[in-house]
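This is what each chain is made of:
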Amino acid sequence: MLTVETYANMAEAAGAVGDRARYLGGGTLVMQGVNYGDQSFDRVVRCREVDRDIRSESGGIRIGAGATMADILASHEVEFLHQVARRIGGPAIRNMATVGGNLFAQNPYGDLTTALLALDAQVLRIGSGPEPIESFLSGRSRPRGLVEAVVVPRVSSGEFRFAKVSRVKPKGASTLCLAVWLRGGGRPSDPRIAWGNMGPTPLRAKAAERALNGASLDEAGIAPVLAVATDGLDPQDDALASAWYRREVAAVHLKRLLLRQGVR
Ligand SMILES: Cc1cc2nc3c(=O)[nH]c(=O)nc-3n(C[C@H](O)[C@H](O)[C@H](O)COP(=O)(O)OP(=O)(O)OC[C@H]3O[C@@H](n4cnc5c(N)ncnc54)[C@H](O)[C@@H]3O)c2cc1C
């Protein structure tokens with residue numbers, strides 16, 4: 001039997017989640033589990049008041065965990081994330097899918113989380129301080145309470161780019177996706193490159209980031225970046241593609257994104 005518990009707010013809900021419980025964000029994945037008879041939980045915890053605000057603060061832009069992909073698309077504060085949110089599911093999914101839920105979405109999902117990783121976002125959990133998203137993702141398999149918000153930097157200098165590779169357009173899941181944050185004008189300074197579906201969670205390509213630091217964004221300049229594009233990544237075989245295929249095509253997509261060739 002499945003019970004549904006409703007709490008007034010996230011703080012109360014955080015006290016109630018535990019063994020055999022799932023917090024319900026937008027429910028696009030939780031309810032799929034319910035419908036498919038997932039036996040790993042028998043309590044669904046939800047709350048009436050969710051934080052779906054997107055607002056500028058001194059440390060960056062705070063996005064409430066309850067903000068949906070449609071909320072992101074309606075916000076001017078995070079215009080640089082529109083290119084990501086509009087590639088997630090179809091309109092019905094975008095109206096329900098939350099930022100908080102995306103942080104926990106397993107492959108082949110987690111497109112927004114890949115973007116947040118490239119942006120060095122901070123994850124705020126109820127009752128604890130900000131945690132860099134990279135460390136949050138490495139500990140994701142251990143349940144550690146509810147996420148109330150993420151904080152992203154303002155992408156005022158430099159450029160943020162995202163590409164999603166999928167077999168079924170426009171709504172298919174990612175075969176892989178990648179996000180690049182090119183800080184500074186001209187040659188990138190301390191850039192970030194993050195891949196989705198190239199490991200158990202979204203991963204940064206640190207060797208490629210080092211090679212891109214200070215490089216010119218042309219064929220010759222990015223050749224050393226492409227040579228190490230998949231170093232440190234750990235793609236898996238699944239129904240969408242083999243690990244071999246993902247490794248083969250990754251550098252091609254990184255090249256297109258860096259040189260802005262035919263990317264959508
Ligand atoms: C048809 C379809 C298409 C999809 N297409 C895409 C796609 O293109 N790209 C993509 O990235 N994803 C896609 N998804 C996956 C999913 O919709 C998104 O990843 C979405 O953002 C998940 O958010 P949610 O609020 O619906 O999560 P839920 O289903 O509510 O929750 C998912 C998990 O996250 C946990 N959780 C949710 N919120 C919090 C929180 N605040 N704190 C702690 N834990 C929390 C839940 O307990 C649960 O374990 C698709 C799903 C479907 C069904």
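Residues numbered from 1 in each chain as written. Predicted model: local features only at pLDDT ≥ 70, side-chain atom pairs only at ≥ 80, totals over all residues. Heavy atoms only, no water.

Trainee: Sorry, what's going on with the overall build of the protein here?
Mentor: Across its full length, the protein holds 11 helices and 12 strands. The C-alpha radius of gyration of the protein comes to 18 Å, within 12% of the 18 Å expected for a compact globule of 264 residues. Principal-axis analysis of the C-alpha atoms gives the protein an extent of 60 × 45 × 30 Å. Taken over 264 residues, the protein has a buried fraction of 48%. Partitioning the contacts of the protein with sequence separation of at least 6, the portion at a separation of at least 24 is 58%. Accessible surface, the protein as shown: approximately 12300 Å² in total, 51% of it carbon and sulfur. Treating the 33 positive side-chain charges of the protein as one cloud and the 27 negative ones as another, the clouds have centres 4 Å apart. (Helix = DSSP H or I, 4+ residues; strand = E, 2+ residues; numbered from the N terminus. Rg over C-alpha atoms; globule rule 2.2 N^0.38 Å. Buried < 20%, exposed > 50% of the residue type's maximum accessible area, 1.4 Å probe, protein only. Contact = heavy atoms within 4.5 Å. Areas by Shrake-Rupley, 256 points an atom, 1.4 Å probe, with all protein chains shown as cover. Lys, Arg positive; Asp, Glu negative; His and termini not counted. Charge placed at Lys NZ, Arg CZ, Asp CG, Glu CD.)

Trainee: Help me understand the pairing of strand β4 (residues 54–57), please; the structure alone is not making it clear to me.
Mentor: Look at any regular strand and the pattern is simple: side chains alternate between the two faces of the sheet. Sheet topology places β4 next to strand β5 (residues 60–64); four bridges connect them, and they run antiparallel. Of the residues in β5, the one forming a bridge with Arg55 is Arg62. Taking the residues that link successive antiparallel strands as the turn, the β4-β5 hairpin has two residues. (Pairing = 2+ DSSP bridges.)

Trainee: Is there a simple way to explain the side chain of Arg140 in this structure?
Mentor: Within the element layout of this structure, Arg140 appears in the loop between α8 (133–138) and β8 (147–152). There is a polar contact of 3.3 Å between the side chain of Arg140 and the backbone oxygen of Ala105. Excluding anything up to four places from it in sequence, Arg140 contacts Leu103, Phe104, Ala105, Gln106, Pro200 and Thr201. (Polar contact = N/O pair within 3.5 Å; in protein donor to acceptor, adjacent residues only side chain to side chain.)

Trainee: Sorry if this is basic, but what is going on with helix α11 (residues 243–259) here?
Mentor: The periodicity of an α-helix, 3.6 residues per turn, causes residues three or four places apart in sequence to face the same way. For α11, with 17 residues, the first-to-last C-alpha span of 25 Å sits near the 24 Å given by 1.5 Å per residue. Helix geometry: α11 is bent most strongly at Val249, by close to 35°. Buried within α11 we find Ala243, Arg246, Val249, Ala250, His253, Leu254, Leu257, Leu258 and Leu259. On its buried side, α11 packs onto β9 (159–165), β10 (176–182), β11 (192–196), α9 (206–212) and α10 (219–227). Note on α11: the residue one or two positions beyond its end, Arg260, has a positive phi of about 55°. (Expected span 1.5 Å × (residues − 1). Bend = angle between axes of the 7 residues up to and from the residue.)

Trainee: Is there a simple way to think about the environment of Val225 in this case?
Mentor: Its place among the elements puts Val225 in helix α10. In contact with Val225, not counting residues within four places along its chain, are Ile193, Ala208, Ala211, Leu212, Leu254 and Leu258.

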